[in-house]
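Each chain, written out:
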Protein chains: 4
Amino acid sequence: MSWEKLVDRRDIDAIHICTPDNLHRDIALAAAQAGKHIFCEKPPALDATEARQMYERAEASGVKHMVNFVYRGVPAIQLARRLIRDGRLAIPYHFQGFYHQDFALSEDFPFAWRMDKGAAGAGTMADKGSHVVDLARFLVGELSEVSCRSASFVERRKDAKTGEERRATTNDAAVFTGTFENGALGVFETSNMSAGCRNAMYLELNGSKGSLRFNLERLNELEAFFAEDAEEIQGFRSIVVTQPVHRYVRHWWPPGHALDWEHAFVHSVYEFLQAIAEDRQPEPSFYDGMKCQQVVDALTEADRVKR
Amino acid sequence: MSWEKLVDRRDIDAIHICTPDNLHRDIALAAAQAGKHIFCEKPPALDATEARQMYERAEASGVKHMVNFVYRGVPAIQLARRLIRDGRLAIPYHFQGFYHQDFALSEDFPFAWRMDKGAAGAGTMADKGSHVVDLARFLVGELSEVSCRSASFVERRKDAKTGEERRATTNDAAVFTGTFENGALGVFETSNMSAGCRNAMYLELNGSKGSLRFNLERLNELEAFFAEDAEEIQGFRSIVVTQPVHRYVRHWWPPGHALDWEHAFVHSVYEFLQAIAEDRQPEPSFYDGMKCQQVVDALTEADRVKR
Amino acid sequence: MSWEKLVDRRDIDAIHICTPDNLHRDIALAAAQAGKHIFCEKPPALDATEARQMYERAEASGVKHMVNFVYRGVPAIQLARRLIRDGRLAIPYHFQGFYHQDFALSEDFPFAWRMDKGAAGAGTMADKGSHVVDLARFLVGELSEVSCRSASFVERRKDAKTGEERRATTNDAAVFTGTFENGALGVFETSNMSAGCRNAMYLELNGSKGSLRFNLERLNELEAFFAEDAEEIQGFRSIVVTQPVHRYVRHWWPPGHALDWEHAFVHSVYEFLQAIAEDRQPEPSFYDGMKCQQVVDALTEADRVKR
Amino acid sequence: MSWEKLVDRRDIDAIHICTPDNLHRDIALAAAQAGKHIFCEKPPALDATEARQMYERAEASGVKHMVNFVYRGVPAIQLARRLIRDGRLAIPYHFQGFYHQDFALSEDFPFAWRMDKGAAGAGTMADKGSHVVDLARFLVGELSEVSCRSASFVERRKDAKTGEERRATTNDAAVFTGTFENGALGVFETSNMSAGCRNAMYLELNGSKGSLRFNLERLNELEAFFAEDAEEIQGFRSIVVTQPVHRYVRHWWPPGHALDWEHAFVHSVYEFLQAIAEDRQPEPSFYDGMKCQQVVDALTEADRVKR
């Protein structure tokens, strides 16, 4: 069944958009038009103009809309947010957001749709960058200014199906900095070619009263430092976020038994469905998607202008 | 005894400059003039113009000259360099250089000369930044382009002696990116106010065949990933750099017994004295000091222009 | 439906025994009698006599039988076994097997069936000890001699339902040593009251050519040291066991995306069903259960005799 | 000059005994007789009888006496002791003390005096074991009962000087358990042949209110867990023990700058000299040496009896 028909079906209340990025906008607009609630994979769209259309149409249609920035569904990220909200870090000073993988390290890794600018937009700034930008917004606040530099290390790869050599039109890696509206500094890096980094999203936030560290390769842990601890015993504590007191966790296993990546998806869907059930707007919404996409667009522009 | 008299003494062959930064140039010029070999603490000078004068005068005088970028004297850093030189990482893709401390975190921390632009120049970009920029040059190569943003989080502090409030004219933190001449990307951060980071200089280099990681808080370790290992057993290995086979180590303790920060100073002095004994120029020289300072100046300028 | 009726149902081919330990034997004997394949949670029985009956009856009945020592289903444990089988560690010298949790740390933690000797047998030596003894057998070999000392730290706890105080008749912790038939030494510890240890099963095996380390709180990682690596770059490597080349992994997520505890159960069931489909005996079988239970019995006896 | 003459010299106030173990007793007795204060390397003697003679003679002579159990001089160990003394762990439940090195892993490693029972006594139980037993006594209390099993993995080695093959009469590794007078359990391991363990002394203490972990390969860190922290943010904190507030540290470098193994020796000598200056008995004294040696003797006996 084509997506056009699917969004019109009467027996469907909500649509999950998990196509390549270049179809997100059209499906979302049609689904909103048809009064369906929308759960959309990230990045929301190819650019901020599309993301704004999605947001405005969804709002106008009165449907619930959510972008699946899935790492908000990791219990350790929820704990980070709560500690920040509770003022445990006080004033944010600087934030690090890195997302390194190495799936494309080998020159033999085939051409994929993510390497095609037409289908995937801004490359690692969009694919991985949208994750770290969303988490920067979630944990620190809005960015007001950015600088960016990207690079392509392997420009030609073979198409897995045709065997034909194709030119990668997106980037393999990017470094960028930003200033937050609250005065904090941010530093970011995204790469598909970091040898040994299987799925290494690393976040660190340093504030005037404490610091937090998170590493996706150890996603059941959150490291936290509190400057208010007695001086002699201050230290980064590694909180094993698998206890009933931690968000989402009591619905799963006994204390101490690890969760992983897939549970974050379950938590995202839970947030979406729960919001529908309670007739309120879930987060992160298409507004968050639009704000994130504006940053990604600004990164692309900053990268282009400097060359 | 004043430094002016000291540099003229006949019974002295070499001068160690360990004054505040704003005296480095004058002492170095006088020492070179007097035919003394020079070992100068970092950063070499207040700006690249001074650093160039130092380099040119030392070269013209025929003396040996060295800037004490002390972390080159850490055995793990020497091992990193050797692995890179041996081609174990192949093409460098991206480099991370962070130097976080938290000594100035408290608002009660007193005003120090490092916070006075007149005495300390470019703030954390100079003080900490010169370390990570020197190591970037040592491990990756020359930078061709930079971007920078600094911040001051506590602008007024009390003078420890007078009790008077003084305005900090340097920065507390900076984030910057760079592009290397060989195409690699670099991302950097320096801060005196990172809660919980006692002396956390963190370096990471990702190349087409491997990666290296170093953390100054665990300076006897170097982490290395080699993509040429059999796929099933690939992983970042934590090399405990305390074995006789590692540079400098066999002159110290039995295998496995840790070195620390002070030994790096001993190694630097060894390199300086050994070069004098063998009548060759030690490294890092005033040339390296000048090149590093040019990057620091460019960071300051990039930071200024954008505001 | 009672278990007696369940094991006789014609439309059932296989039985999963997940009752308290004191029912395992009777259900297993009846299920074997009825020609059902049997998948039994660990420890297999209250003592080695029961475990032997289970093994002998299942063999005599010709059914497939498996004890769910679930940690054999963790990909990192499978990798450990394969590296050992391939001779990468050569001669085993010593093995550490620790299993620490802290669920019972608080004196307010209620009385549970695991604390009643009648229902749970040998306490932590049976509950946690059977896991580490099974893994010791899986990775190193048969034990020939043991020594043991257990302790109870909180002897009376309240029954959660009745509110009545009850005496815990099993132990809270035990330490034990063993000698393997191949000459290796083993050292073990089990505890329900190790503050901060949420689910900390730690294994280490040191052999004449290398070492392995595993920590259940980071179950996607296996640390390995190979003495045959070039001396300068020897180190414990942290293998992120989430790549398609690792056992079971390619059936799950993209590279680098974590698995957790529940997947090990899926893998155990897969092994059971696959063995039935291929008409061969799965591992670990009731024979392994019996051998493990013999060690647990010997620990109990060693602990008793010394007092 | 022979030691006999040295201990009689009038211009010497104190003697440092750093000979092979089989000379400790005679030198100590003579030095005490001559009224010299004594600083003796560990283990204090070949057996508890000798250690008792040393203790009694030193006491009778009124000299100050200290055994250099050097790891008590590590700031992190001092912090551990202080936290325990302050009741932060409350009732001790179990203690782990492991000391693994790999210097003797290769079969080509030459015969050394430590492998000769006549010169070195009880092998790894004495050499490494005395360290962990002393720290167990320092941190937990007196042991009341032990069990032990040792092993020799390479029985014949070449003498480095003569090239002749010699039989190692001590052990290469040992595992042992113990019960403390206060009811805690202890588990221990010592080895010279643990591949990849350069100098891996690992200690862990779990108590009713918290836990501590220490790893000699990262000796500037102490990990601490406090069950009294708010449940949501409980975790092992890694305390970087390089701050002015930590014992001994303010006399060295700026905050955050690592110390190492050699500084522990300086601290031991400081304790010895300071006690002489203040006319009080330093710790660990020959009494501690004797108590430690009694445990080592008991381990040797337990190991012998069981064979």
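Residues numbered from 1 in each chain as written. Chains lettered and ligands numbered in written order. Predicted model: local features only at pLDDT ≥ 70, side-chain atom pairs only at ≥ 80, totals over all residues. Heavy atoms only, no water.

1. Considerations on the overall build of chain A
Part 1 of the argument: When its secondary structure is counted, chain A shows nine helices and 13 strands.
Part 2 of the argument: Against the globule reference of 19 Å for 307 residues, chain A gives a C-alpha radius of gyration of 20 Å, in line with a compact fold.
Part 3 of the argument: Seen along its three principal axes, the alpha-carbon backbone of chain A occupies a region of about 60 × 45 × 40 Å.
Part 4 of the argument: Burial status across chain A gives 61% buried among its 307 residues.
Part 5 of the argument: Long-range contacts, defined as pairs at least 24 residues apart, comprise 68% of the intrachain contacts of chain A with a sequence gap of at least 6. (Helix = DSSP H or I, 4+ residues; strand = E, 2+ residues; numbered from the N terminus. Rg over C-alpha atoms; globule rule 2.2 N^0.38 Å. Buried < 20%, exposed > 50% of the residue type's maximum accessible area, 1.4 Å probe, protein only. Contact = heavy atoms within 4.5 Å.)

2. Some points on the state of the cysteines
Part 1 of the argument: Scanning all chains against the criterion turns up zero disulfides over all chains.
Part 2 of the argument: Summary of cysteine pairing: Cys292(A) is not part of a disulfide, and the nearest cysteine sulfur, belonging to Cys40(A), is at 12 Å.
Part 3 of the argument: For Cys292(A), a relative accessible area of 1% translates into the label buried.
Part 4 of the argument: With no disulfide of its own, Cys197(D) lies closest to Cys148(D) among cysteine sulfurs, the gap being 19 Å.
Part 5 of the argument: On the basis of relative accessible area, Cys197(D) is assigned to the buried category, the value being 1%. (Disulfide = S-S within 2.5 Å.)

3. Notes on the interface of chain B and chain A
Part 1 of the argument: Each partner contributes to the interface: chain B provides 44 residues, whereas chain A provides 44 residues.
Part 2 of the argument: Here Arg149(A) and Glu145(B) are joined by a salt bridge, their closest N and O atoms 2.5 Å apart.
Part 3 of the argument: Put simply, chain B and chain A have eleven residue pairs in polar contact (both at pLDDT 80 or more) between them.
Part 4 of the argument: Among the elements of the structure, strand S4 (92-100), strand S5 (143-151), strand S8 (173-180), strand S9 (185-191), strand S10 (200-207) and strand S11 (210-215) of chain B are those that each provide at least two residues to the side of chain B that touches chain A.
Part 5 of the argument: Along the lines of polarity and charge, the residues of the side of chain B that touches chain A split into 19 nonpolar, 18 polar and seven charged. (Salt bridge = Lys/Arg side-chain N within 4 Å of Asp/Glu carboxyl O. Polar contact = N/O pair within 3.5 Å; in protein donor to acceptor, adjacent residues only side chain to side chain. Nonpolar A, V, L, I, M, F, W, Y, C, P; charged D, E, K, R; others polar.)

4. Topic: the pairing of strand S2 (residues 37-41) of chain C
Residues and elements named next belong to chain C.
Part 1 of the argument: By the criterion of burial, S2 is predominantly enclosed, with five of the five residues buried.
Part 2 of the argument: Of the two faces of S2, both are covered, the one formed by His 37, Phe 39 and Glu 41 as well as the one formed by Ile 38 and Cys 40.
Part 3 of the argument: Relative to S2, strand S1 (residues 14-17) runs parallel, the two being bridged by four bridges. The residue of S2 that forms the bridge with His 16 is Phe 39. (Pairing = 2+ DSSP bridges.)

5. Overview of the sheet that holds strand S3 (residues 65-68) of chain D
Residue and element names in this part refer to chain D.
Part 1 of the argument: Pairing is parallel across the open sheet formed by three strands, whose spatial order is S1-S2-S3. In this open sheet, the two strands that pair with only one neighbour each are strand S1 (14-17) and S3. Direction aside, neighbouring strands of the sheet carry axes that sit 15° apart on average.
Part 2 of the argument: Relative to S3, strand S2 (residues 37-41) runs parallel, the two being bridged by four bridges. Opposite Glu 41, over in S3, you have Asn 68 as the bridge partner. (Axes fitted to C-alpha atoms, helices over the stretch in contact; angles between N-to-C directions.)

6. Here's the deal with the interface of chain C and chain A
Part 1 of the argument: Tallying the contact residues gives 21 residues for chain C and 21 residues for chain A.
Part 2 of the argument: When chain C packs against chain A, the two sides together hide about 1900 Å² of surface, and 54% of this comes from carbon and sulfur.
Part 3 of the argument: On the chain C side of the contact with chain A, Arg198(C), His257(C) and Trp261(C) bury the most area, a combined 28% of that side's loss.
Part 4 of the argument: Linking Arg218(A) and Glu221(C) is a salt bridge whose minimum nitrogen-to-oxygen distance equals 2.8 Å.
Part 5 of the argument: Linking chain C to chain A there are ten residue pairs in polar contact (both at pLDDT 80 or more).
Part 6 of the argument: When residues in the side of chain C that touches chain A are grouped by element, the largest group, three residues, is from helix H8 (residues 261-277) of chain C.
Part 7 of the argument: Here the side of chain C that touches chain A is built from residues that sort into eight nonpolar, seven polar and six charged. (Buried area = accessible area lost by both parts, 1.4 Å probe.)

7. Considerations on helix H4 (residues 75-85) of chain D
All names here are of chain D.
Part 1 of the argument: Most of H4 sits inside the fold, with eight of its eleven residues counted as buried.
Part 2 of the argument: The set of residues buried in H4 consists of Pro 75, Ala 76, Ile 77, Gln 78, Leu 79, Ala 80, Arg 81 and Leu 83.
Part 3 of the argument: In this structure, the buried side of H4 is in contact with helix H7 (129-139), strand S10 (200-207), strand S11 (210-215), strand S12 (221-226), strand S13 (236-240) and helix H8 (261-277).
Part 4 of the argument: Following H4 by one or two positions, Gly 87 adopts a phi angle in the positive range, close to 80°.

8. What about the packing of helix H2 (residues 24-33) of chain A against helix H3 (residues 48-61) of chain A?
Residue and element names in this part refer to chain A.
Part 1 of the argument: Packing of H2 against H3 leaves a shortest axis separation of 9 Å and a crossing angle of 10°. One element, H2, and the other, H3, form an angle in the roughly parallel class. Together, His 24, Arg 25, Ala 28, Leu 29, Ala 32 and Gln 33 of H2 and Glu 50, Gln 53, Met 54, Arg 57, Ala 58 and Ser 61 of H3 make up the contact between the two elements.
Part 2 of the argument: Split into classes, the residues belonging to the contact of H2 with H3 amount to five nonpolar, four polar and three charged. (Parallel < 35°, antiparallel > 145°, perpendicular 65-115°, else oblique.)

9. Some remarks on the relation of the copies chain C and chain A
Part 1 of the argument: Note on the copies: chain C fits chain A at an RMSD of 0.0 Å, the axial shift is 0.0 Å, and the rotation between them is 180°. Read as a symmetry element, the transformation amounts to a two-fold axis. For chain C, the smallest separation between a C-alpha atom and the rotation axis is recorded for Asp260(C), amounting to 2.9 Å.
Part 2 of the argument: Counting the interface residues of chain C, we find that 100% of their copies in chain A are interface residues as well, pointing to one common contact surface. (Least-squares fit on C-alpha atoms with pLDDT ≥ 70 in both.)

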